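# Secondary and tertiary structure notes
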Amino acid sequence: MFQKLGILYIGSTGEAENKMTERMCSMFQVGDVVVYGSTGVCEVVDIGPLDLPGMSKEREYYTLRPFYEERSRVFTPVDGQKVILRAVLTKKEALELIDQIREIGILTITNEKQRETEYKACFLKCNCTELVKMLNTIHQRKEERLAHGKRPTAKDERYCHMAEENLFGELAVALKIEKGKVKEFSHDRLEHHMEAVG
């Protein structure tokens, strides 16, 4: 994620994620912006039974529109628990997350055969800190491979792209900036913070 910072991140998570989890089970309304599993940022566009064959008329569903895929629609039960549905980070929480990047560690992967499983688990948690951990892990692994004359693996590149899409997408909405400007914004904020404390 933050490759040009050249920082190895260690330590624990911060307050932003704790505050976020408090709102994970909230009831949402039409117009709310939410994060749905690995789909990422969505807008709630409808709530109610689905008029589809085989669907119970007694059960209510959220109809979600992925923020960056205008024509797509996702349906999930209001009372569903299989996939995490939570409120998007607030601006304050997004800034706190960026400020804590140096304190966020990497994934502990002791079995190389479990690497992809660990990456997938990060997405299932629907947690920004976990995405940062995964990106930090992939970047560190990339640097190690390049140092030995090896190219990054296709698997790492794929999951890096997916994690950046989800993380940057949410931060962009929270900060009200374009998704393509999130990395530069984060870098500049961290550089300014380093100068301030230096």
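First, a word on scope: everything that follows refers to the structure included in this document. (Residues numbered from 1 in each chain as written. Predicted model: local features only at pLDDT ≥ 70, side-chain atom pairs only at ≥ 80, totals over all residues. Heavy atoms only, no water.)

### Thoughts on the pattern of salt bridges
What counts, and what does not: Throughout this description, the term salt bridge denotes a Lys or Arg side-chain nitrogen within 4 Å of a carboxyl oxygen of Asp or Glu. Counting from the N terminus, the helices are the DSSP runs of H or I reaching at least four residues and the strands are the DSSP runs of E reaching at least two. Whether a residue is buried, partly exposed or exposed follows from its accessible area with a 1.4 Å probe, protein chains only, as a fraction of its type maximum: under 20%, in between, or over 50%, in that order.
The full count for this structure, using the stated rule, is 16 salt bridges. A salt bridge links Lys57 to Asp51; its shortest N-O distance comes to 3.0 Å. The salt bridge involving Glu96 is made with Lys92; its shortest N-O contact spans 2.6 Å. Of this pair, Glu96 and Lys92 both sit in helix α2 (residues 91-99), 4 residues apart, roughly one helical turn. Accessibility expressed as a relative area gives 15% for Glu96, which makes it buried. Put simply, Glu112, Arg115, Arg141 and Asp156 are held in one network by salt bridges that share partners.

### Here's the deal with empty space enclosed by the protein
Counted only if it meets this: Grid points spaced at 1 Å over the protein atoms alone were grouped into cavities, where a 1.4 Å probe fits but cannot get out, and pockets, open sets with protein on both sides within 12 Å along at least five of seven lines, with lining residues defined by an atom within 4 Å of a point. Grid points are joined across faces, edges and corners, and a volume is the space filled by probe spheres set on the points. Three residue categories are used. Nonpolar comprises Ala, Val, Leu, Ile, Met, Phe, Trp, Tyr, Cys and Pro, charged comprises Asp, Glu, Lys and Arg, and polar comprises the others, including Gly.
Taken as a whole and assessed by the stated rule, the structure comprises 1 cavity of 30 Å³ or more. Taken as a whole, the largest cavity holds about 80 Å³ of empty space. Around the largest cavity, the lining is made up of 14 residues, and of these Val35, Gly37, Arg86, Leu131 and Asn166 lie nearest the centre. Residue assignment for the lining of the largest cavity shows that the elements contributing at least two residues are β2 (40-48), α3 (115-125), α4 (128-147) and α5 (154-175). Here the lining of the largest cavity gets 3 residues from one element, more than from any other, and that element is α5. Residue classes in the lining of the largest cavity are distributed as 8 nonpolar, 4 polar and 2 charged.

### Quick word on the sheet that holds strand β5 (residues 85-87)
The strands that make up a sheet pair up through hydrogen bonds in the backbone, lying either parallel or antiparallel. The line we're drawing: DSSP-based pairing: two strands are paired if at least 2 bridges between them are found. Interaxial angle, 0 to 180 degrees, is taken between N-to-C directions of lines fitted to C-alpha atoms, where a helix line uses only the stretch in contact.
Pairing is antiparallel across the open sheet formed by 5 strands, whose spatial order is β4-β3-β2-β1-β5. With one partner strand each, in any of the chains shown, β4 (74-77) and β5 form the two edges of the open sheet. Geometrically, the sheet is characterised by an average inter-axis angle of 45° between neighbouring strands, direction not taken into account. Pairing analysis gives 4 bridges linking strand β3 (residues 61-66) to β4, with the strands arranged antiparallel. Each bridged residue has a counterpart across the sheet, and for Leu64 the counterpart in β4 is Val74.

### Comments concerning the environment of Val83
Note the threshold: For this analysis, residues touch if any pair of their heavy atoms sits within 4.5 Å.
Topologically, Val83 is positioned in the loop between β4 and β5. By relative accessible area, which is 35% here, Val83 ends up partly exposed. As a C-alpha pair, Val83 and Lys125 span 42 residues in sequence and 8.8 Å in three-dimensional space. Non-local contacts of Val83, meaning those with residues more than four positions away in its chain, are made with Tyr36 and Gly37.

### Topic: the nonpolar core
Cut-off, in case you're wondering: Nonpolar cores are built from buried Ala, Val, Leu, Ile, Met, Phe, Trp, Tyr and Cys residues. Side-chain atoms within 4.5 Å join them into one set.
Ranked by internal contacts, the top residues of the largest apolar core, which has 29 residues, are Leu89, Leu97, Tyr119, Met134, Leu167 and Leu171. Counting only elements with at least two residues in this core, the list comes to α2, α3, α4, α5 and α6 (182-197). Top element by residues in this core is α5. It accounts for 9 residues.

### Some words on the packing of aromatic side chains
We count it as follows: Each pair of aromatic rings taken from Phe, Tyr and Trp, with Trp reduced to its six-membered ring, is defined by centres within 6.5 Å and is described as stacked if the planes are under 30 degrees apart, edge-to-face if over 60, and tilted in the remaining cases. The rule is short: NZ of Lys or CZ of Arg within 6 Å of the ring centre and within 35 degrees of the ring normal puts a charge over the ring.
Counting across every chain of the model gives 4 aromatic pairs. Measuring from ring centre to ring centre gives 6.1 Å for Phe28 and Tyr62, while their planes differ by 65°; the resulting arrangement is edge-to-face. Here Phe28, found in the loop between α1 (15-21) and β1 (33-36), pairs with Tyr62, found in strand β3; they are 34 residues apart in sequence, far enough to count as distant. Take Phe28 and Tyr62: they sit in the same class, and that class is buried. Note on Tyr119 and Tyr159: the rings are 5.3 Å apart at their centroids and 50° apart in plane angle, and the pair reads as tilted. Taken together, the residues span a long stretch of sequence, with Tyr119 in helix α3 and Tyr159 in helix α5 at a distance of 40 residues. The rings of Tyr119, Phe123 and Tyr159 are connected pair by pair, giving a single aromatic cluster. Directly above the aromatic system of Phe67 lies the positively charged group of Arg65, at a separation of 5.5 Å from the ring centroid. For Lys179, the ring lying beneath its charged end belongs to Tyr68, and the centroid distance is 3.9 Å.

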